[in-house]
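Here is how the chains run, residue by residue.
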Amino acid sequence: MDEANKDGKPIIIAREVHKWFDNFHALKGVSMEVKPGEVIVIFGPSGSGKSTFIRTLNRLEEHQKGTIIIDGIELSHDVRNIERVRSEIGMVFQQFNLFPHLTVLENITLAPIWVRNWKKDKAEQVARQLLERVGIPEQADKFPGQLSGGQQQRVAIARALAMQPKIMLFDEPTSALDPEMIKEVLDVMVELARSGMTMLVVTHEMSFARAVAHRMYFFDAGNIIETGTPEQIFKSPQEDRTKLFLSQILEH
Amino acid sequence: MTATTTQEMAPPAPPGFLEWLRKNLFSSWLNSLLTIIGAVVTFFSLVNLVSWAFTKADWRPVTVAPLLYLVGQYPRPELWRPGLSLLIFAFLIGMSWGVWKRYMRVFAIFLAVLLAVMTFFPLETATITLPIRGVMLASAVLIYLGYLLGHTSFILPRHVVIGWLVALLLVPLVILPGIQGSDLLPFVPTNAWGGLLITLLLSVGGILLSFPFGVLLALGRRSSLPVVKWSSIVFIEVVRGVPLVTILFMFSIILVLFLPSESRIDRVIRALIGIVIFSAAYTAENVRGGLQAIPPGQIEAAKALGLRNYHITRLIVLPQALRLVIPNIVGQFISLFKDTTLVYIVGINDLLGIGNAILNLNPQFVRLQMEVYLFIAIIFWIFSYFMSYASLQLEKALGVGER
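Residues numbered from 1 in each chain as written. Chains lettered and ligands numbered in written order. Predicted model: local features only at pLDDT ≥ 70, side-chain atom pairs only at ≥ 80, totals over all residues. Heavy atoms only, no water.

On a plain count of helices and strands, chain A comes out with 10 helices and 10 strands. Relative to a compact globule of 252 residues, whose C-alpha radius of gyration would be 18 Å, chain A shows 18 Å and is just as compact. Taking the principal axes of the C-alpha coordinates as reference, chain A spans close to 55 × 45 × 40 Å. Per-residue burial for chain A yields a buried fraction of 57% across its 252 residues. Partitioning the intrachain contacts of chain A with sequence separation of at least 6 by distance along the chain shows that 65% fall at a separation of at least 24. With an accessible surface of roughly 11,400 Å², chain A has 47% of that area assigned to carbon and sulfur atoms. In chain A, 30 side chains carry a positive charge and 34 a negative one; their mean positions are 3 Å apart. (Helix = DSSP H or I, 4+ residues; strand = E, 2+ residues; numbered from the N terminus. Rg over C-alpha atoms; globule rule 2.2 N^0.38 Å. Buried < 20%, exposed > 50% of the residue type's maximum accessible area, 1.4 Å probe, protein only. Contact = heavy atoms within 4.5 Å. Areas by Shrake-Rupley, 256 points an atom, 1.4 Å probe, with all protein chains shown as cover. Lys, Arg positive; Asp, Glu negative; His and termini not counted. Charge placed at Lys NZ, Arg CZ, Asp CG, Glu CD.)

Put into structure tokens, the structure is as follows:
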């Protein structure tokens, strides 16, 4: 397994992934390969399927056609495979989705204790290190409701990292934040990207893409329209739809 | 965005008592009129009630047989067993007070004071013998000793929980019924049990057993397995569509006809099963309300962390859902507590049944229903009030409504 991860073999393989919501064709044959350590930014208009796509990768959404292989494990109806894949993939949501009845520390230690069977002491020690890393060690014993949006999202990142995942998915992590809090979350994400984490980030924060993305994917109407390095995408986009969309989000 | 430099004035001090009166009771002529009428009616009813209670009322049907109200026909030589049970629970209540402080404090203090007062309460009858008074006083003392012990660091909440579990199994299954053929604990059939003993047994048993059953039903109703889902729905809807009286009749009379005579289940247990089934269906619907209020994002986040469905339900969904429905569940349990009086119609002498029996069997008490029912109402009110008080404290501590 380790062999497969080294020397540039893809850790995520998606081939011709299709997804329907009733009669709505949300993903129309999306294919993508991601190598370990790559930072991918996915952008596009709302309803283009970008969130749906990354949610199929940890099977929060089930794909109906095509193949998804994560770190050598193919996603199918096999529940044990799904649980294994999920524990290798961390996810950060637009709405944070912290557990309001648990303290910050309990939010972070929950999965390591119950999924990885870590001792409480070890889990708490790791959790405190992670809180240090995301810059809020002093909030460990508070409840999520007592934190600002930016702090909550940083706890959510720490919670996902506590499982020591190989891949991190970010589903519009800054869209629900007030402008002054976006930077503190992006700073954490940039640090994470530079540390070599494999990341798939759905976002319109083009400063983040410029700083750390290896590749960018433009989604529209359930398909990948264009892909390239940030330089290619920003300087010389090939498709008209990409140009139009970029001009709309970069103008303001 | 610069802050305004002028300081805002603090709001005026809260108005005094006269101001409060003017605002709330005499704000308009109509309001003043209603206040005066209300005050007059309340005053005269209270004066009449108090003077009736102390001069006209004849409390003999209450005082003549205090033991009947407490334990029914429980054999008098075996009275030490309910006495021992009382001591055990008094000690546990005291320890719970020491461990959980404010949830139990008011109830524990009230109970201790009540027991102490009862110890020295003058009664014309000699049925309350010196040993019985001794047990009451000892119970009051044990509540306090339990509190002192629960306060220390040796006793953890988990010890007290274990103590309660052991006592709740031991008392109704071993100490009170005894063991067939035993000399130390001779068998006492449940038709000898009665009064407050039966009322508490049925309501505490009903509450404790119906709660987990109801939670399982609520989860079953949302299950993705069609068999589980539909059997839960059918169970809940059938039970909710039938009055409790009917269920009690079914379990007490009809069920017996279908079962072979040697496998007859005790009638108190039959009534308890009926109560549990009835209450579980309502608990299930209350809990379902809480389950529906949990945002789907909570479950997605838990799934994304790799938690299994069982852990998601136990660690994420249920704690939040139950917290939301505490007020409803406690309300339901209070009405269940009062509904246990219905077992009177299937011939079980609960508190109300004993009251009725005393009224019916003694011709000299025939016009004294008022006294008996008032006494029973006060007992029910005391327990119900403390249940709702504990629920309020629990809601405050868990921050219901503040997410």
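Past the structure itself, the notes keep going.
Turning next to the overall build of chain B. When you go through chain B residue by residue, the secondary structure sums to 16 helices and zero strands. With respect to the three principal axes, the spread of C-alpha positions in chain B is 85 × 65 × 50 Å. When each of the 403 residues of chain B is scored for burial, the buried share is 41%. Carbon and sulfur atoms make up 71% of the accessible area of chain B, which amounts to about 22,700 Å² in all. Measuring between centres, the 27 positive side-chain charges of chain B sit 5 Å from its 16 negative side-chain charges.

Moving on, we come to the interface of chain B and chain A. Counting residues at the interface gives 19 residues for chain B and 21 residues for chain A. Summing both partners gives a buried area of about 1,800 Å² for chain B against chain A, and 65% of it is carried by carbon and sulfur. Of all residues in chain B, Glu300, Ala304 and Leu305 of chain B bury the most surface against chain A, accounting for 32% of the area lost on that side. The tally of links between chain B and chain A comes to two salt bridges. Here Arg55 of chain A and Glu300 of chain B are joined by a salt bridge, their closest N and O atoms 2.6 Å apart. Linking chain B with chain A are five residue pairs in polar contact (both at pLDDT 80 or more). Contributions of two or more residues to the side of chain B that touches chain A are made by α13 (296-304) and α14 (309-339) of chain B. Among the residues forming the side of chain B that touches chain A, the class breakdown is eight nonpolar, five polar and six charged. (Buried area = accessible area lost by both parts, 1.4 Å probe. Salt bridge = Lys/Arg side-chain N within 4 Å of Asp/Glu carboxyl O. Polar contact = N/O pair within 3.5 Å; in protein donor to acceptor, adjacent residues only side chain to side chain. Nonpolar A, V, L, I, M, F, W, Y, C, P; charged D, E, K, R; others polar.)

Per the counting criterion, the structure on display carries 21 salt bridges over all chains. As a salt-bridge pair, Asp220 of chain A and Arg241 of chain A come within 3.1 Å of each other at their nearest N and O atoms. Residue Asp220 of chain A is found in strand β9 (residues 215-220), and its partner Arg241 of chain A is found in helix α10 (residues 240-251); the two are separated by 21 residues along the sequence. Residue Asp220 of chain A is classed as buried on the basis of its relative accessible area, which comes to 17%. Here Arg60 of chain B and Asp58 of chain B are joined by a salt bridge, their closest N and O atoms 2.6 Å apart. When its relative accessible area of 38% is taken as the criterion, Arg60 of chain B is described as partly exposed.

Turning next to the sheet that holds strand β5 (residues 73-74) of chain A. All names here are of chain A. Judged by pairing direction, the sheet is antiparallel, and its four strands sit side by side in the order β2-β1-β4-β5 without closing on themselves. Where the open sheet ends on each side, the last strands, each with one partner, are β2 (24-34) and β5. Where strand β1 (residues 12-21) meets strand β4 (residues 65-70), five bridges bridge the pair, whose relative direction is antiparallel. Counted as the bridge partner of Arg15 is Thr67 from β4. (Pairing = 2+ DSSP bridges.)

Turning our eyes to something else, we now look at helix α10 (residues 226-240) of chain B. All names here are of chain B. When the terminal C-alpha atoms of α10 are compared, their 21 Å separation across 15 residues agrees well with the 21 Å that a helix rising 1.5 Å per residue should span. Taken together, the buried positions of α10 are Ser232, Ile233, Ile236 and Val239. Seen along its axis, α10 keeps its buried residues to an arc of 150 degrees; they face one direction. With respect to the buried face of α10, the exposed residues turned more than 90 degrees away are Pro226, Val227, Trp230 and Val238. Packing partners of the buried residues in α10 comprise α9 (195-221), α11 (244-258) and α12 (267-292). (Expected span 1.5 Å × (residues − 1). Arc of directions from axis to C-beta.)

The next point concerns the sheet that holds strand β3 (residues 39-43) of chain A. All names here are of chain A. Taken together, six strands build an open sheet; the order of strands is β6-β7-β8-β3-β9-β10 and the sheet is mixed. With partners counted over all chains shown, the strands left at the sheet margins are β6 (89-92) and β10 (223-228), one partner each. Geometrically, the sheet is characterised by an average inter-axis angle of 20 degrees between neighbouring strands, direction not taken into account. Against the sheet, helix α7 (residues 179-194) makes contact with β3, β7 (167-171) and β8 (198-202), and its axis sits at roughly 145 degrees relative to β8, the strand it touches most. (Axes fitted to C-alpha atoms, helices over the stretch in contact; angles between N-to-C directions.)

A few words on unusual backbone geometry. Residues and elements named next belong to chain A. Its identity is not glycine, yet Glu16 carries a phi of approximately 50 degrees, on the positive side. Here the phi dihedral of Phe96 falls at roughly 65 degrees; this positive angle occurs in a residue that is not glycine. The class of Phe96 is buried, set by a relative accessible area of 10%.

The values reported here are purely geometric and, on their own, carry no functional implication.
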